[in-house]
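# A closer look at the structure
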Amino acid sequence: MSTSLKRQWQIFLIALAFFTRIPIPADTPYSAKRLNQANRYFGVVGIIVGIVSAVVYLLAVALFPPAIAVALAMISSLLVTGAFHEDGLADVFDGFGGGWEPEQKLEIMKDSRLGTYGAAALIMALGMKWLTLAAIAEAEPFLPALMLVVMHSLSRICAASLIFSYPYVRADQNSKVKPLANQQSQQDLWVLIATGLIILFLLPINVALAVTLVITAARFLCGKWFEQQLGGYTGDCLGATQQITELAGYMTLLALL
C-alpha cells in the first residue's frame, strides 16, 4: 500500500510540475508513461492553482476594491502556471484563424510568435474573466474566491477529459514536441470525474447543475471544433478548452445571480 501511495504521489508531482511553476523534488521519477497517468490529477492541480488565486483575492479585497482584487488574483494564477493555458488559447486562434489546411494550422500553432488572432482571443478572454468575476464580486464580495477554486479545477477536468475522447494530432509525427499527456485510461478518467464531483459539492445544487451543464456543452463543442479543424486535439487545444470552460463557468454563475 505504501509503495502504491508513493507512486501516486510521484505521479501527482509530475502533474504539478507540468502545469505549474511550483518546484517539486529533483529526484521525482519521470517517464512518458507516468506523464500520461498524471492527467488523472489535473483537476487536483487546478484546486491548488485556484486556492492560490483565492487566497490572493481574499487578502487583496480587504485592502482594495473588488475589481482590483480580482485582477491581482488573475495575475497570481498567471504567475503560478506561467500562462500555460493562455498560451494554448492564443496558439489555437492563431492557427485556426491563419491556416487553411490542418497541416498549415498545426505549423502556425507551433510558432512561438503571437499573431493578431491569438492576441485578440487572449485579450478578450482575460478581459471577460476580469469583468465577469468583478461583477460577481459586486453581488457577493467573497464568492469569487470560491469560484476560482471550483472553476480552476473543473476547467482542467474538462480539458483533460478530451484526451479520452479524441485522437492526438501533430504536424509531423517525427518532429520534436514538448512532452504531453496524450493517452488516458478509463481509470484516469474516473479519477478526473470523481474530483469534479467532489468540487461540485462546494456549490448549491442549482448552481452545480447549471455549471455542469454549461461546461459539459462547452467541452463538447470544443472537442467537435478541434476535430473539424484538425482531426483531433493538440496540447494547445487542451489549454484553449481550459480557458473557455473556466470563463463559461464564471458567466453561468453571473447569469444565475
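So, here is what we can say about the structure in this document. (Residues numbered from 1 in each chain as written. Predicted model: local features only at pLDDT ≥ 70, side-chain atom pairs only at ≥ 80, totals over all residues. Heavy atoms only, no water.)

### Re empty space enclosed by the protein
Here the structure, examined in full by the defined rule, presents two cavities of 30 Å³ or more. In this structure, the largest cavity encloses a volume near 70 Å³. Met74, Ser77, Leu78, Glu86, Leu126, Lys129, Leu133, Leu148, His152 and Glu246 together form the lining of the largest cavity. Its residues placed into classes, the lining of the largest cavity shows five nonpolar, two polar and three charged. Approximately 50 Å³ is the volume attributed to the second largest cavity. What lines the second largest cavity is simply Val49, Ser77, Leu78, Thr81, His85, Glu86, Lys129, His152, Arg156, Gln242, Gln243 and Glu246. Elements supplying a minimum of two residues to the lining of the second largest cavity: helix 4 (66-81), helix 5 (84-98), helix 8 (143-165) and helix 11 (235-256). Class assignment of the residues belonging to the lining of the second largest cavity gives a composition of two nonpolar, six polar and four charged. (1 Å grid on protein atoms, 1.4 Å probe; cavity = no way out; pocket = protein on both sides within 12 Å on 5 of 7 lines; lining within 4 Å. Points joined across faces, edges and corners; volume = space filled by probe spheres on them. Nonpolar A, V, L, I, M, F, W, Y, C, P; charged D, E, K, R; others polar. Helix = DSSP H or I, 4+ residues; strand = E, 2+ residues; numbered from the N terminus.)

### Quick word on the layout of surface pockets
When its volume is computed, the second largest pocket comes out at roughly 330 Å³. Ile157, Cys158, Ile193, Thr212 and Thr216 are the residues nearest the centre of the second largest pocket, which is lined by 15 residues in total. Going through the elements one at a time, helix 8, helix 9 (186-200) and helix 10 (205-230) are the ones with two or more residues in the lining of the second largest pocket. Among the elements that make up the lining of the second largest pocket, the one with the highest residue count is helix 8 (six residues). Among the residues forming the lining of the second largest pocket, the class breakdown is nine nonpolar, five polar and one charged.

### Details of unusual backbone geometry
Of all residues except glycine, most have a negative phi; of all peptide bonds, most are trans. The phi torsion at Ala83 lies on the positive side, around 55°, for a residue other than glycine. By secondary structure assignment, the location of Ala83 is in the loop between helix 4 and helix 5.

### Let's talk about the state of the cysteines
Joining two cysteines, a disulfide is a covalent bond between their sulfur atoms. By the definition in use, this model includes zero disulfides. In this structure Cys158 is a free cysteine whose sulfur lies 8.9 Å from that of Cys222, the closest cysteine sulfur available. The class for Cys222 is buried, based on a relative accessible area of 4%. (Disulfide = S-S within 2.5 Å. Buried < 20%, exposed > 50% of the residue type's maximum accessible area, 1.4 Å probe, protein only.)

### A word on helix 10
Counted at 1.5 Å a residue, the expected span for helix 10 with its 26 residues is 38 Å, and the 37 Å between its end C-alpha atoms agrees. Those residues of helix 10 not exposed but buried are Val207, Ala208, Ala210, Val211, Ile215, Ala218, Arg219, Cys222, Gly223, Phe226, Gln229 and Leu230. Packing partners of the buried residues in helix 10 comprise helix 5, helix 6 (102-110), helix 8, helix 9 and helix 11. Following helix 10 by one or two positions, Gly231 adopts a phi angle in the positive range, close to 90°. (Expected span 1.5 Å × (residues − 1). Contact = heavy atoms within 4.5 Å.)

### Section: the environment of Gly239
Among the secondary structure elements, Gly239 is positioned in helix 11. In the structure, Gly239 is positioned 131 residues away from Ile108 in sequence and 16 Å away in space, judged by C-alpha atoms. Not counting chain neighbours up to four residues away, the residues in contact with Gly239 comprise His85 and Leu89.

### Quick look at the packing of aromatic side chains
Overall, the coordinates contain twelve aromatic pairs when judged by the stated rule. Measuring from ring centre to ring centre gives 6.2 Å for Phe12 and Tyr41, while their planes differ by 90°; the resulting arrangement is edge-to-face. Of this pair, Phe12 sits in helix 1 (residues 2-19) while Tyr41 sits in the loop between helix 2 (32-38) and helix 3 (42-61), and the two are 29 residues apart along the sequence. A relative accessible area of 15% places Tyr41 in the buried class. Put simply, the rings of Phe18, Phe19, Phe42 and Phe84 touch in pairs and so form one group of aromatic residues. Seen from the ring of Phe96, Lys105 lies directly overhead, with NZ or CZ sitting 5.9 Å from the centre. (Phe/Tyr/Trp six-rings, centres within 6.5 Å; stacked < 30°, edge-to-face > 60°. Lys NZ or Arg CZ within 6 Å of the ring centre and 35° of its normal.)

### A short note on a nonpolar patch on the surface
A grouping of Leu63, Phe64, Ile68, Leu72, Ile75 and Leu79 is seen on the molecular surface, where their side chains present a nonpolar patch of about 590 Å² in accessible area. Along the polypeptide, Leu63 turns up in the loop between helix 3 and helix 4. Leu63 sits in the exposed class, given a relative accessible area of 67%. (Patch = residues over 30% accessible without salt bridge, like charges linked within 9 Å, V, L, I, M, F, W, Y side chains within 5 Å. Areas by Shrake-Rupley, 256 points an atom, 1.4 Å probe, with all protein chains shown as cover. Salt bridge = Lys/Arg side-chain N within 4 Å of Asp/Glu carboxyl O.)

### Describing the nonpolar core
With 46 residues, the main nonpolar core has Val45, Tyr57, Met151, Leu154, Leu203 and Val211 as its most contacted residues. Counting residues in each nonpolar core, the second largest holds 19 residues, with Leu162, Leu230, Leu238 and Ala240 among its members. (Core = buried A, V, L, I, M, F, W, Y, C linked by side-chain atoms within 4.5 Å.)

### Describing the side chain of Lys105
If you trace the backbone, Lys105 turns up in helix 6. Of the buried charged residues, Lys105 lacks a salt bridge, with Glu101 as the closest side chain of opposite charge at 7.5 Å. Discounting chain neighbours no more than four positions away, the residues touching Lys105 are Gly95, Phe96, Gly99, Trp100, Gln229 and Leu230. (Lys, Arg positive; Asp, Glu negative; His and termini not counted.)

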